[in-house]
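Chain by chain, the residues:
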Amino acid sequence: MSAASDSGAERTIDEATALARLLEVSRIVLQQAVDLVASSLSTNEQLTYTSKFIPGSTIGKHLRHARDHFVLLMDAIASPPPHVLNYDSRSRNTPMESSREAALEALITTIGRLERVVPTSRMDEQITLHAVTPYPQIMQTTFGRELWFTGLHAIHHWSMVRVISGELGIQLEPSFGFAPSTLVYNGSHAPLGKPKM
């Protein structure tokens, strides 16, 4: 085997490993939401309680919004090239915002879809991202970068879910809503808190 072939094989292994790691993070983050809905929440009303500290926020809205980003990314990468992604074109007032059963089904379905789509995708697969910032923006990105973003974006929303849960007197597991870098820095033993060098 030539040096060029070795380099290509190494890159493929590295890419597969990188995708597997991004998938692992996405799965853990979404599983936190599944556990929240299945074990920490006991009523549909808890999903729709409007926060006193974060105006207009509910647990259901944050779960739906974060999940939408994963779904929109999966839709973009599953479409024929050129892949176009727009995180602003999402649905609102969906059943998962007000029904624990619908939320569980939507979150579990999203995990399953990630497990099917991510391993068959490429880290460097080009995506054209459309965004409103509020100015219309069009920029180039990659599938790997956006998969990383959707996981961290969800964690950001989980931190707001933590605030609303606190208002409701609901205790969450200690790592819920904390970025992996923060967990690693604090020496957490949570799944996303163990440095994996």
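Every residue gets a number counted from 1 within its own chain, in the order that chain's sequence is written. Reporting in this predicted model follows two pLDDT cut-offs: at least 70 for local features of residues, and 80 or more for side-chain atom pairs to be given and counted; totals over whole chains, interfaces and linings ignore these cut-offs and use all residues. Excluding hydrogens and water, the side-chain values take into account all heavy atoms of the structure.

J.: I'm lost on the nonpolar core in this one. Help?
T.: Nonpolar side chains in soluble globular proteins generally cluster together in the buried interior. Side-chain atoms within 4.5 Å link the members of a nonpolar core, which is a set of buried Ala, Val, Leu, Ile, Met, Phe, Trp, Tyr and Cys residues. Residue burial is assigned from relative accessible area. The probe radius is 1.4 Å, only protein chains are included, and a residue is buried under 20% of its type maximum, exposed over 50%, and partly exposed in between. Judged by nonpolar contacts, the single largest core of 46 residues is most densely connected at Leu63, Phe143 and Trp158. The set of elements that each furnish at least two residues to this core consists of α1 (3–40), α3 (59–78), α4 (100–117), β2 (126–132) and α5 (143–167). Only DSSP runs of H or I reaching four residues or more are called helices, and only runs of E reaching two or more are called strands; each is numbered from the N terminus. Looking at which element gives the most residues to this core, the answer is α1, with 10 residues. In what follows, a contact means two residues having at least one pair of non-hydrogen atoms within 4.5 Å. Every residue in contact with Leu63, bar those within four places of it in the chain, is listed here: Ala33, Leu36, Val37, Leu47, Met96 and Trp158.

J.: Help me understand the pattern of salt bridges, please; the structure alone is not making it clear to me.
T.: Should a side-chain nitrogen of Lys or Arg be within 4 Å of a carboxyl oxygen of Asp or Glu, the pair is scored as a salt bridge. Taken as a whole and judged by the stated rule, the model has 9 salt bridges. Two residues, Glu125 and Arg122, come together in a salt bridge whose shortest N-O distance is 2.6 Å. Residue classification places Glu125 among the buried residues on the basis of a relative accessible area of 16%. Residue classification places Arg122 among the partly exposed positions, given a relative accessible area of 40%. Here Glu146 makes a salt bridge to Arg145, at a shortest N to O gap of 3.2 Å.

J.: Would you mind going over the sheet that holds strand β1 (residues 83–86) with me for this structure?
T.: Pairing between the strands of a sheet is mediated by backbone hydrogen bonds and can be parallel or antiparallel. For two strands to count as paired, DSSP must find a minimum of two bridges between them. Strand order in this open sheet of 3 strands is β1-β2-β3, and the pairing throughout is mixed. Edge positions in the sheet fall to β1 and β3 (136–142), since each has one partner strand and no second. Going from strand to strand, the sheet's axes swing by 25° on average, the running direction of each strand aside. Sheet topology places β2 next to β3; 7 bridges connect them, and they run antiparallel. Across the sheet, the residue bridging to Leu129 is Met139, located in β3. Lines fitted to the C-alpha atoms define the axes, with helices restricted to the stretch that makes contact. Angles between their N-to-C directions range from 0 to 180 degrees.

J.: How do you make sense of the confidence of the model for the protein when you look at a structure like this?
T.: Interpretation of this model should avoid reading the predicted coordinates in detail wherever pLDDT is low. Per residue, pLDDT captures the predictor's confidence, and it can take any value from 0 to 100. Within the protein, residue pLDDT values average 92, and 92% of them lie at 70 or more. Per-residue pLDDT stays below 50 along residues 1–5; that stretch engages in 1 contact with residues further than four places along the chain or on separate chains.

J.: Mind showing me how you'd approach the pairing of β1 here?
T.: Regular strands have side chains that alternate between both faces of the sheet. Of the two faces of β1, the one lined by His83 and Leu85 is fully buried and the one lined by Val84 and Asn86 carries no buried residue. Where β1 lies against β2, 4 bridges are found, and the strand directions are parallel. When the sheet's bridge partners are listed, Val84 is paired in β2 with Thr128. Of the crossover connections in this fold, the one passing from β1 over α4 to the parallel β2 is right-handed. For a crossover, the right-handed case is the one in which the path from the first strand over the helix to the second runs clockwise, viewed with the strands pointing away from the viewer.

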